[in-house]
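Remarks on the overall topology
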Amino acid sequence: MNSELKFVSPLAKKVALVDAKETIVIAGRGSAKSTEIIAGDLDRRFHDMPGAVFGLVGATYTQVQQRTLASTISGLARRGYIEDKHWKVGRQKKSWGKPLFQPLNWDKWISIYTGCGLCIMSLDRPGMSNSYTVWKLYGDEAKLFDYKLFQEDVVPTLRGAVNYFPNNPHNRGIMLCTSMPSLPEGQWLLDFEKRMDQELVDTIYELALNVEELKFAYYKTKNRNTKDKIQKEIQIRTKNINVLRKHCVHYIEASSLVNIDILGGDYILQQYEVLGEDKFLTEILNVRPKGTDVMFYNGLSKRNFYTAYDYDNYIDSFGLFHDKRSENWRRDTDYNPALPLIMGFDFGVRFNGGVIAQFDYMENKLRVLYNFYVENGGTIEDAVNKFHEYYKGIQYNQIYLYYDNAGNNRNGIIMQTAAEQLENLLMVRGWNVERKTKGGANTRHYKKYFLYEKVLNDKNNKFPQLLINSNNCDDLITSMRFAKAKKDSKGMIQKDKSSEKKGTIKPRHATHLSDALDDLFYPLITDVCTTAGIIGF
């Protein structure tokens, strides 16, 4: 392959030298987890385990498509891999080696010229994973993985026969990479640290450095006898190190600064502006969250989140790699064409946008399907265009519109209120709009807090269930997760909205989107509970 000199970050260097059977990398954005660490490990395995099959895992299939696969292929390209010469989608070329396991369906399979196969796996398509037999698993953004699904549906595919590579430490190995988990669901990854023998890792690292020095001496000398002796010594030492690697768990944490020579200081400053303070600490500096604040959405957890992609009938028709043309309502199996859309909208200067939901009265469930927004100068019309671009083409064009009561106020400068502007912009695009916010005082925060608390902590199915599409509403979920509660001067609970005024927090992650949900959630759920005769909500 390509033998030219390349820069490798200290993180990627250490991971490559330790080369453990199980590797867990918790590192900030831009630390080249897919392009260097995963792609580098795959490159080594393609050559020392010819014919073996490896699994590339994601929380969702679209995550693998959009991010992990593209980054990994880019990393392989940096190592000289060329499509149709060294890899191809589907069945291998006749001149290439054959994989030790062959799939029934080659559509989601990448063949490698050494006979290896790279199969795509996702936790939201368990049937896809179950059909494979692999020798090692790779996963990026692992903090998004459902631990139970990963253990039950993906890990059992590590059944590649050990006898094909009896001395290789990577038989049935795992490599998981991610940025720092900020939510409880990702904390299982941090537990790998308890399984690591630091002394063993340090020993392997030192021994591997000695081997690298021998390799340098091998290439430096021109004496044939000396080369033969060095080569034999390298083989002996590598074999001994591999015995240690078979029992090694390597857990490592690093901030994005580990790759500062490539990223540059401007990238770090830019990410501070883009992510905001809270996410910057976890996503860039890799700081573990403290989690000591009282949160406004008490009880919000993974049971409130779901994914709903139509892979078989829609997304798969665009091929193995992500196609932006697939980003519309047709990919969503949670959209019910028999129900109207419910829009909650938040008006502002730094932010205009909202959420789209549907309430299923038969199932007693409020599903939040999608969030949309524009920031920092984007207008109401810009936000409407984003919504319309995603949902244009649906047959039932009814929208029930909710918003903060301030949207009905006139400012003396513009003839229309913000709500009237929004309504008209939707109507000229063919939507039938019914405004549900009639004016008057806004609902007090403490009332919203206690209603959310009852709904989110309901164990007896007494209240309607709140469900949020985690793929289409990632920013809404972040807005809710980081929304803190505080008490006002009278001791009443309020939502802490200070995030909206902090320049260090992006508007999408401040409380704007969660406010948009509040605007439809409280009146809608209150009405449902009243109709159902539920007392004490």
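This write-up is about the structure you can find in this document. (Residues numbered from 1 in each chain as written. Predicted model: local features only at pLDDT ≥ 70, side-chain atom pairs only at ≥ 80, totals over all residues. Heavy atoms only, no water.)

Moving on, we get to the pattern of salt bridges. Working definition: two side chains of opposite charge can pair if their charged atoms are close together. Under the criterion given, the structure shown has 33 salt bridges. A salt bridge links lysine 365 to glutamate 363; the nearest nitrogen and oxygen atoms lie 3.9 Å apart. By relative accessible area, lysine 365 is classed as partly exposed at 22%. When its relative accessible area of 40% is taken as the criterion, glutamate 363 is described as partly exposed. Sharing partners across several salt bridges, the network here consists of Asp19, Asp41, Arg44, Arg45, Asp48 and Lys136. (Salt bridge = Lys/Arg side-chain N within 4 Å of Asp/Glu carboxyl O. Buried < 20%, exposed > 50% of the residue type's maximum accessible area, 1.4 Å probe, protein only.)

Running from N to C, helix α1 (residues 10-18) and helix α2 (residues 33-48) cross one another at 30°; their axes reach a closest spacing of 10 Å. Classified by the angle their axes make, α1 and α2 are roughly parallel. In the packing of α1 onto α2, the handedness of the crossing is right-handed. Facing Leu11, Ala12, Val15 and Ala16 of α1, the residues of α2 in contact are Glu36, Ile37 and Arg44. (Axes fitted to C-alpha atoms, helices over the stretch in contact; angles between N-to-C directions. Helix = DSSP H or I, 4+ residues; strand = E, 2+ residues; numbered from the N terminus. Parallel < 35°, antiparallel > 145°, perpendicular 65-115°, else oblique. Left-handed = near helix turned anticlockwise from the far one by under 90°. Contact = heavy atoms within 4.5 Å.)

The subject of this paragraph is the pairing of strand β1 (residues 22-27). Along β1, six of the six residues are buried, which leaves the element largely enclosed by surrounding structure. By the alternation rule, side chains of β1 split into Glu22, Ile24 and Ile26 and Thr23, Val25 and Ala27, which are all buried. Pairing geometry for β1 and strand β8 (residues 249-254), over six bridges, is parallel. Across the sheet, isoleucine 26 pairs through a bridge with glutamate 253, a residue of β8. Alignment of β1 against strand β7 (residues 173-178), held across five bridges, turns out to be parallel. Looking across to β7, one finds that isoleucine 26 is bridged to threonine 178. (Pairing = 2+ DSSP bridges.)

What follows covers a nonpolar patch on the surface. Where nonpolar side chains cluster on the molecular surface, the patch consists of Leu257, Ile260, Leu281, Leu285 and Val287 and spans about 340 Å² of accessible area. Position of leucine 257 among the secondary structure elements: in the loop between β8 and α9 (260-263). (Patch = residues over 30% accessible without salt bridge, like charges linked within 9 Å, V, L, I, M, F, W, Y side chains within 5 Å. Areas by Shrake-Rupley, 256 points an atom, 1.4 Å probe, with all protein chains shown as cover.)

Residues Phe54, Phe145 and Leu176 are the most contacted members of the largest nonpolar core, which totals 83 residues. Top element by residues in this core is helix α7 (residues 198-220). It accounts for eight residues. Excluding its chain neighbours within four sequence positions, the residues that come into contact with leucine 176 are Thr23, Ile24, Val25, Gly139, Ala142, Phe145, Phe150, Trp188 and Leu189. Val368, Cys473, Met480 and Leu520 belong to the second largest nonpolar core, which has 38 residues in total. (Core = buried A, V, L, I, M, F, W, Y, C linked by side-chain atoms within 4.5 Å.)

For the rest of this paragraph, the subject is the packing of aromatic side chains. Taken as a whole and judged by the stated rule, the model has 38 aromatic pairs. Centre to centre, the rings of phenylalanine 145 and phenylalanine 150 are 5.7 Å apart; their planes meet at 35°, and the pair counts as tilted. Per residue, the accessibility class of phenylalanine 145 equals that of phenylalanine 150, and both read buried. With a centroid separation of 6.0 Å and an interplanar angle of 70°, the aromatic rings of phenylalanine 347 and tyrosine 403 are classed as edge-to-face. Placement of the pair is phenylalanine 347 in the loop between β10 (341-346) and β11 (351-360) and tyrosine 403 in strand β13 (residues 398-403), with a sequence separation of 56 residues. Over the ring of tyrosine 205 we find lysine 14, and its NZ or CZ is 5.4 Å from the ring centre. Its end group placed over the ring of tyrosine 61, arginine 125 keeps NZ or CZ at 4.9 Å from the ring centre. (Phe/Tyr/Trp six-rings, centres within 6.5 Å; stacked < 30°, edge-to-face > 60°. Lys NZ or Arg CZ within 6 Å of the ring centre and 35° of its normal.)

Take it as geometry only, folks, not as evidence of what the structure does.
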